[in-house]
Each structure stands twice: as structure tokens, then as C-alpha cells.
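# A closer look at the structure
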Amino acid sequence: MPTKTHVTTTINGEQIDFLCEPRQSLLECLRDVIGLTGTKEGCNDGNCGACTVNMDGRIVTSCLVLGVEAEGANIETIEGVADGSNLHPLQLAFLENAALQCGICTPGFIVSSKALLEQNPNPTEHEIRFWLANNLCRCTGYDKIVRAVQDAAKRMQEA
Amino acid sequence: MKWIDYENAKTVDEAVKILSQSGGKARPMAGGTDLIVQLRVKDPRVDADVVVNVKDIPELNELSYSADKGLTIGAAVPCHEIYNDANVIAHYPALIDSASLIGGTQIQGRASLGGNLCNAAPSGDSIPNLVAHNGVATLAGPNGTREVAVEDVCTGPRQTCIGKDEILVSINLPNPGDGFGANYIRFIPRNEMDIAVVGAGVSVNIAGGKFTAAKVSLASVAPTPISVPDAISALVGESVGDGPIQKAANAAKEAAKPISDMRGTAEYRKHLCEVLTRRALNTAVERAQGGK
Ligand SMILES: Cc1cc2nc3c(=O)[nH]c(=O)nc-3n(C[C@H](O)[C@H](O)[C@H](O)COP(=O)(O)OP(=O)(O)OC[C@H]3O[C@@H](n4cnc5c(N)ncnc54)[C@H](O)[C@@H]3O)c2cc1C
Ligand code: FES
Ligand code: FES
């Protein structure tokens, strides 16, 4: 009989234990098993970036990671971006620059942009667009997203 | 996705043992950026009951360089480690052409050149580049290891000479020597995140104003990435200049046997072979002459 696998992992700084089938993606585990529904499902094949999480310091599409691969990993999701009730500069910048409409792509864009600003605090527009090529948005036309990331970079440097 | 079992192999021997004991129903997984999608859509060519993670095997994570051995790229090393590696940047800068255009940032965090090669897509963006760098694949199986030139690995769409009980351990790129330059370019309708309509990977060695060696390899124009021997013979021994480069580009166009599909007609693809081969050779010559 197929059995579930026990996985121990760290999500947003907290140790989490969960049970999953080896065929379940990390995205399914986050949303359906652990109940962290901030990470979104768009295409389920790696193209749209809605499911982006940070895994051991690099961003990945969680639909293309197996839940069992989270064993021992350090994962950050959109739920870990704000500091309590204080929004992250990226979240503020997205809100204030109207960098979202329907919002389904937003968690992925914020997790991706955060990783960019951590390694490149002052990216050019080209670098931002290149870095975010794996995140798709059907609503905004991207310009406002790029401006929000530039604005967040400025806020973070001034902070 | 149907039920799969998951094994996390820690050594080459363990991975080979799991593969040999599973009667052909186990598949190695590196970044999973091809494999997980294929299992999810039930691609009949990629049936598996067991997925064997090979990312935790030390040899498959090696990325090392020495002047006599050249560059050893462990089969599971993800693209982003390749383009951030000081030795790659210093000695194999053209490898970055491919590593930085496979998918986007998220895909590059997981996708390996080894997986790109083993997946054997006609459009695999690293394969012509590895061929241009004279890459040699090291395979491990129940009877030990063997070496195969990268250009001989792919035998058909999604088919390779790698046995079901074998794994790719690493790809070696010999020291290219002085006067070497390479380049990989592809044509896609978008700026990023697309499948090559045609890709061209080339390299040249230049000494005393003449081509002393060359490689020309194309993606997306045949069931597997192909090498173009006539393009090589159009270059080797000739003085560096537009004449031989144009002849090589024409040979690439002749050698291509593309299909027509939604991404381009056969005629369009043949035209692209000429253009891309010429442009890639010009860049490779510049790099050879400019040092990098
Ligand atoms: C959104 C998206 C964009 C993409 N863009 C591109 C692109 O621009 N260009 C491109 O070429 N590809 C692209 N790909 C395809 C894919 O990312 C690449 O082919 C990648 O290099 C595969 O590497 P991997 O480590 O993820 O392989 P995996 O998925 O782990 O494996 C691929 C295949 O190789 C086999 N395999 C893996 N490792 C070994 C081993 N050590 N020994 C034997 N067999 C092995 C697996 O069983 C499987 O059949 C894209 C994929 C996605 C999802
Ligand atoms: S849902 Fe994972 S990339 Fe679209
Ligand atoms: S805001 Fe709707 S997809 Fe981006």
C-alpha cells in the first residue's frame, strides 16, 4: 500500500512537520496540507511564477518541487515577508504604486523581487525585467510592477 | 499525477542500484523542471514508478576546474551556480550563453545542464553549446563508468544512449586552450522564456590568423541536436574572415532537416540556421581574438 512520507522542514522560520504523498508538489503541500494559501497556483508547469517560494536562498517554482524535497530545507513563502503587522517595503510599494489588479500574481512577484533586492539592492530596469521574466501578470502590463520594485529598492536603501 | 515512490540516493552506487533493481521503471531526477512536468501530464515517453533524486550525490554537485582536466560539471549542478562560478566566467564564458537563458530565474535555480542533456529535447539549449565545447559525458552503471562524447548522447527526441540502469555523473569540458571562442544563440519570438525555433552553438580555435579547429551544432532542426561536419571543414585551415564563415553558415542551412510546426516552417528554420550560425561564428571569433 502506498504510504505517506513524513517531512520536517522550516517554513518562515518555524519548524513544520507534515505528511505527504511523494507525488504531491511543494505547492500542493503548502496550500492543501499545511494551509498556507498565500502561494498561488497558476499554470502548474513552471511558467507563470505565481507559486514562487524561496527555498534555501534561491527562488523556485513550488509546483516543480516535490513536497518530499522540502525535508531539511529552509523555505520562505509570502506569509513570511511581512514583519508581524508591518508590511515589507515591497508590499507597501506594490500597494502604493497600484502594481496589482486581480492580485493572483502578486505573492510570486513579491517573493521573487525580494530575492532580487537581497542580492542586488539597486537593480536597473533591465535587471528587474530580466529577473522577473519567470513571473507572468495578465493585468498590469508590468510597468507598475517594475516601478514598484524600483520604489521599494529606494525605500530600502533610505531605511 | 499517478503514484510514484521517491528515493533519495546519496551515492552514485546507490542510485545505480535503485535503477537496476526497478526493472526500467525508475527515473533519476535532478532539478525536476522537465521530469515533474512530464510525469504530471503523463508523457508516455517518461513513465516512471520511482523517482530517484540525484541532487544529494557529491559527484553530481561538483563544479571544478583545473588546467589539465578542464571543467567538470556535475550532472545536477543548477544553471545559476554555473553562471555565478568564477572558473566558468574566466575560462568558459560562452557556457553562460546557455545557462542564463534556460527558463527564468526560478527555473535556473533548479534546472541542470545534465538534465537538459538527458532530457534530449531537440531544442535543448545547452546541448549545442556543450558540443561546441567538446564536452564528454561520464556515465555510471552496474558495470562501472564509461565516457561518451556529448554529441553522441542524444539518439532521438527524448531518447539517449544512457541505459535505464545508468546515470549521468558529470560532463567534462576539456581546457579549450588559447585562441578559443564560442557562442550559443537561439531565435525565439519573445525576449525570454520560450523554446528555441533554432539554436546555434559554435566554437573556433584561432592561431596565426587561421581557424585551427571549429565546431558547429544546431538545435531544433532535427530529431536531436546535430553537428555540422561540412561547416567545420569550411573553416578549419582557412584564414579568419567572412568567406569561410559564410560557407560554414551555408553548410549549416544545408545540413538542417527541420520540421514545420507552430513555431516556424521548415523553410524559415533553414534560413535561421544560416543567419544564426553566421552571427554566432562572428561572436566566437571576436571572443577568440579578444581573449574571452
Ligand atoms: C518554465 C520552463 C522554461 C524552460 N525553458 C527552457 C529553455 O529555455 N531551454 C531549454 O533547453 N529548456 C527549458 N526548459 C526545460 C528544462 O528546464 C531544462 O531542460 C532543464 O535543463 C532540465 O534540467 P533538470 O535538472 O530540471 O532535469 P530533470 O527534470 O531533473 O531531468 C530531465 C530528464 O533527464 C533525466 N535525468 C536527470 N538527471 C539525470 C542523470 N544524472 N542521469 C540520467 N538521467 C537524468 C530525468 O530522468 C529526465 O528524464 C524549461 C522548463 C520550464 C518548466
Ligand atoms: S503554478 Fe508554478 S509556475 Fe505557474
Ligand atoms: S494582477 Fe492580475 S495577474 Fe497580475
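Residues numbered from 1 in each chain as written. Chains lettered and ligands numbered in written order. Predicted model: local features only at pLDDT ≥ 70, side-chain atom pairs only at ≥ 80, totals over all residues. Heavy atoms only, no water.

## A closer look at the interface of chain A and chain B
Interface size is often expressed as the accessible area that is lost when the parts come together. Across the boundary between the two partners, chain A contributes 29 residues, which contact 27 residues of chain B. When chain A packs against chain B, the two sides together hide about 2,400 Å² of surface, and 61% of this comes from carbon and sulfur. Sorting the residues of chain A by area buried against chain B places A:R23, A:R58 and A:L64 first, and these three jointly supply 28% of that buried surface. Taken together, chain A and chain B are joined by three salt bridges. Applying the counting rule to chain A against chain B returns 15 residue pairs in polar contact (both at pLDDT 80 or more). For the side of chain A that touches chain B, the secondary-structure elements that each account for two or more residues are strand 4 (58-61) and helix 4 (125-131) of chain A. Here the side of chain A that touches chain B gets four residues from one element, more than from any other, and that element is strand 4 of chain A. (Contact = heavy atoms within 4.5 Å. Buried area = accessible area lost by both parts, 1.4 Å probe. Salt bridge = Lys/Arg side-chain N within 4 Å of Asp/Glu carboxyl O. Polar contact = N/O pair within 3.5 Å; in protein donor to acceptor, adjacent residues only side chain to side chain. Helix = DSSP H or I, 4+ residues; strand = E, 2+ residues; numbered from the N terminus.)

## Brief notes about the site of ligand 1
Around ligand 1 sit 34 residues, and of these B:P28, B:T33, B:D34, B:S112 and B:D125 come closest. One chain alone does not account for the residues near ligand 1; they come from chains A and B. B:A30 has a polar backbone atom sitting 2.7 Å from an oxygen atom of ligand 1. Measuring from an oxygen atom of ligand 1, one finds a side-chain N or O atom of B:D34 at 2.5 Å. In the complex, the protein chains occlude 93% of the 990 Å² of accessible area that ligand 1 would expose alone. (Near = heavy atom within 4 Å. Areas by Shrake-Rupley, 256 points an atom, 1.4 Å probe, with all protein chains shown as cover.)

## Comments concerning the environment of B:R279
Residue and element names in this part refer to chain B. Mapped onto the fold, R279 is located in helix 11 (residues 266-289). Here the alpha-carbon distance between R279 and K257, two residues 22 residues apart in the chain, equals 20 Å. Setting aside chain neighbours within four positions, we find R279 in contact with N183 and I185.

## Quick notes on the domain arrangement of chain A
Residue and element names in this part refer to chain A. By domain assignment, chain A separates into domain 1 (5-80) and domain 2 (89-158). Spacing between the C-alpha centres of domain 1 and domain 2 amounts to 21 Å. At the junction of the two partners, domain 1 supplies 15 residues and domain 2 supplies 13 residues. Carbon and sulfur atoms supply 59% of the area that domain 1 and domain 2 bury against each other, a total of about 1,100 Å² over both sides. Connecting domain 1 to domain 2 are one salt bridge. Across the salt bridge formed by K114 and E76, the nearest N and O atoms sit 2.8 Å from each other. Taken together, the connections running from domain 1 to domain 2 amount to six residue pairs in polar contact (both at pLDDT 80 or more). Ranked by the residues each element gives to the side of domain 1 that touches domain 2, the list is headed by strand 3 (residues 52-55), at three residues. Of the residues contributing to the side of domain 1 that touches domain 2, the split by class is five nonpolar, seven polar and three charged. (Domains from an automatic or database assignment. Nonpolar A, V, L, I, M, F, W, Y, C, P; charged D, E, K, R; others polar.)

## Focus on the sheet that holds strand 11 (residues 180-187) of chain B
All names here are of chain B. Strand order in this open sheet of four strands is 11-12-13-14, and the pairing throughout is antiparallel. Of all strands in the sheet, those bounded by a partner on one side alone are strand 11 and strand 14 (226-227). Note: strand 12 (residues 198-207) against strand 13 (residues 210-219), nine bridges, orientation antiparallel. By the bridge assignment for strand 13, V202 is matched with V216. (Pairing = 2+ DSSP bridges.)

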